[in-house]
Amino acid sequence: MFWRAVLACCLIAGTAAYYEPPPPDHEDLIGTARWIVKYSNISVVATNSLLLPGFPWAKTKDVADGLYNETFSRGIPMIYSSPMATLTHDFTADPKVTFAYSAEFTHWCMDQDIDNDSPTCGLIALSGEMEEVSDDDEVAFAKLGMFQRHPITASWPPGHGFRFYKLVIQNILVLDYYGGPHKHVSVEDYLNYKPTWGLEENMVF
């Protein structure tokens, strides 16, 4: 109920433009991962392809971890997809997927003149299984972020059956500095992480 009320207010009020705050120190591995997921507006989703049997399929997708202009987040990838989509066909047949995020998907790496392939431009890969979002409050939270950060999605054709799906995370890989990726970051610690970054001073109107 709470998220549905907030969604209505946001859609009425419109949105401002924002730049994300700086990421946590690279030694805060989980914080860096959560920061990248929070402030990325897109991700690359990899599935086991039905269209090309025996090959993976990768698709860029709009994502939104809550509102861009507030610190609250869940760290869980959510997408808005139609049952008609190739991607949806794939994860319906085999729910195992990987979401790849880069800090290049935020403003940070470009603003700091850091190349996407540099280890200091953070990378996170979240692997697990897709499931449809069914809880009313969770759907409202998904709408809250998606429709603010990707406004056009709110007007996509109702007849296409668009619905929200989320990743049930099973494995996390993070690379945010030299020395190679850190595999098997604790999923529990990742989900329970409490963001401390602020954003008010980064609002741009």
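For the structure itself, consult the block above.
About the criteria used
- Residues numbered from 1 in each chain as written.
- Predicted model: local features only at pLDDT ≥ 70, side-chain atom pairs only at ≥ 80, totals over all residues.
- Heavy atoms only, no water.
- 1 Å grid on protein atoms, 1.4 Å probe; cavity = no way out; pocket = protein on both sides within 12 Å on 5 of 7 lines; lining within 4 Å.
- Points joined across faces, edges and corners; volume = space filled by probe spheres on them.
- Helix = DSSP H or I, 4+ residues; strand = E, 2+ residues; numbered from the N terminus.
- Buried < 20%, exposed > 50% of the residue type's maximum accessible area, 1.4 Å probe, protein only.
- Pairing = 2+ DSSP bridges.
- Patch = residues over 30% accessible without salt bridge, like charges linked within 9 Å, V, L, I, M, F, W, Y side chains within 5 Å.
- Areas by Shrake-Rupley, 256 points an atom, 1.4 Å probe, with all protein chains shown as cover.
- Salt bridge = Lys/Arg side-chain N within 4 Å of Asp/Glu carboxyl O.
- Phe/Tyr/Trp six-rings, centres within 6.5 Å; stacked < 30°, edge-to-face > 60°.
- Lys NZ or Arg CZ within 6 Å of the ring centre and 35° of its normal.
- Polar contact = N/O pair within 3.5 Å; in protein donor to acceptor, adjacent residues only side chain to side chain.
- Axes fitted to C-alpha atoms, helices over the stretch in contact; angles between N-to-C directions.
- Contact = heavy atoms within 4.5 Å.

Asks: Sorry, what's going on with the layout of surface pockets here?
Replies: If a probe as big as a water molecule is rolled over the atoms, it shows which places are left empty. By volume, the largest pocket is sized at about 170 Å³. Surrounding the largest pocket, 13 residues form its lining, Pro23, Pro24, Trp108, Thr120 and Asp176 being those nearest its centre. Among the elements that take part in the lining of the largest pocket, helix α2 (residues 29-39) stands out by supplying three residues, more than any other.

Asks: How do you make sense of the pairing of strand β2 (residues 42-48) when you look at a structure like this?
Replies: Regular strands show a simple pattern: their side chains alternate between the two faces of the sheet. Along β2, the buried face is formed by Ser43, Val45 and Thr47; none of Ile42, Val44, Ala46 and Asn48, which line the opposite face, is buried. In this structure, β2 lies alongside strand β3 (residues 56-62), joined through seven bridges in antiparallel fashion. When the bridges of β3 are listed, serine 43 appears paired with lysine 61. Pairing analysis gives three bridges linking β2 to strand β5 (residues 96-102), with the strands arranged antiparallel. Paired with valine 44 across the bridge in β5 is alanine 100.

Asks: Just checking my understanding: could you explain a nonpolar patch on the surface for this structure?
Replies: Taken together, the side chains of Leu51, Leu52 and Phe55 define a hydrophobic patch exposed on the protein surface, amounting to about 320 Å² of accessible area. Mapped onto the elements, phenylalanine 55 comes out in the loop between β2 and β3. Taking the relative accessible area as the measure of exposure, phenylalanine 55 reaches 54% and is therefore exposed.

Asks: What is the right way to look at the packing of aromatic side chains in this model?
Replies: In total, this model carries 11 aromatic pairs according to the counting rule given. Taking 5.7 Å as the distance between ring centres and 75 degrees as the angle between the ring planes, the aromatic pair formed by tyrosine 80 and phenylalanine 147 counts as edge-to-face. Of this pair, tyrosine 80 sits in strand β4 (residues 78-81) while phenylalanine 147 is found in helix α5 (residues 136-149), placing the two residues 67 residues apart along the sequence. Phenylalanine 147 matches tyrosine 80 in its accessibility class, with the two residues each being buried. Between the aromatic rings of tyrosine 177 and tyrosine 178, the centroid separation amounts to 5.2 Å while the plane-to-plane angle is 65 degrees, which identifies the pairing as edge-to-face. A cation sits over an aromatic face here: arginine 34 above tyrosine 190, 5.5 Å from the ring centre. Looking at arginine 74, its charged tip hangs above the ring of phenylalanine 141, at a distance of 4.3 Å from the centre.

Asks: Teacher, can you tell me more about the environment of glutamate 20 here?
Replies: For glutamate 20, the position within the fold is in the loop between β1 (17-18) and α2. Take glutamate 20: its relative accessible area is 8%, and that puts it in the buried class. Sequence spacing of glutamate 20 and tryptophan 197 is 177 residues, and the spatial spacing of their C-alpha atoms is 9.3 Å. Within the structure, the side chain of glutamate 20 is placed 2.2 Å from the side chain of tyrosine 68, a separation counted as a polar contact. In terms of polar contacts, glutamate 20 uses its side chain to reach the backbone amide nitrogen of histidine 107, at 2.8 Å.

Asks: Can you walk me through the sheet that holds β2 in this structure?
Replies: Backbone-to-backbone hydrogen bonds pair the strands of a sheet. The strands run either parallel or antiparallel. One open sheet holds the six strands; their spatial order is β3-β2-β5-β6-β7-β4, and the pairing between them is antiparallel. The sheet is open, and its two borders are formed by β3 and β4, each paired with just one other strand. Strand-to-strand twist of the sheet, defined as the mean angle between neighbouring strand axes without regard to direction, takes the value 30 degrees. Sheet strands touched by helix α3 (residues 86-93): β2, β3, β4, β5, β6 (123-132) and β7 (163-175). Its angle to β3, the strand with the most contacts, is close to 120 degrees.

Asks: Explain the pattern of salt bridges here, please?
Replies: It is possible for side chains bearing opposite charge to pair when their charged atoms get close. Counting across every chain of the model gives four salt bridges. Residue glutamate 138 is joined to lysine 166 by a salt bridge in which the shortest nitrogen-to-oxygen separation is 2.9 Å. One end of the pair, glutamate 138, is in helix α5; the other, lysine 166, is in strand β7, with 28 residues separating them in the sequence. Accessibility expressed as a relative area gives 12% for glutamate 138, which makes it buried.

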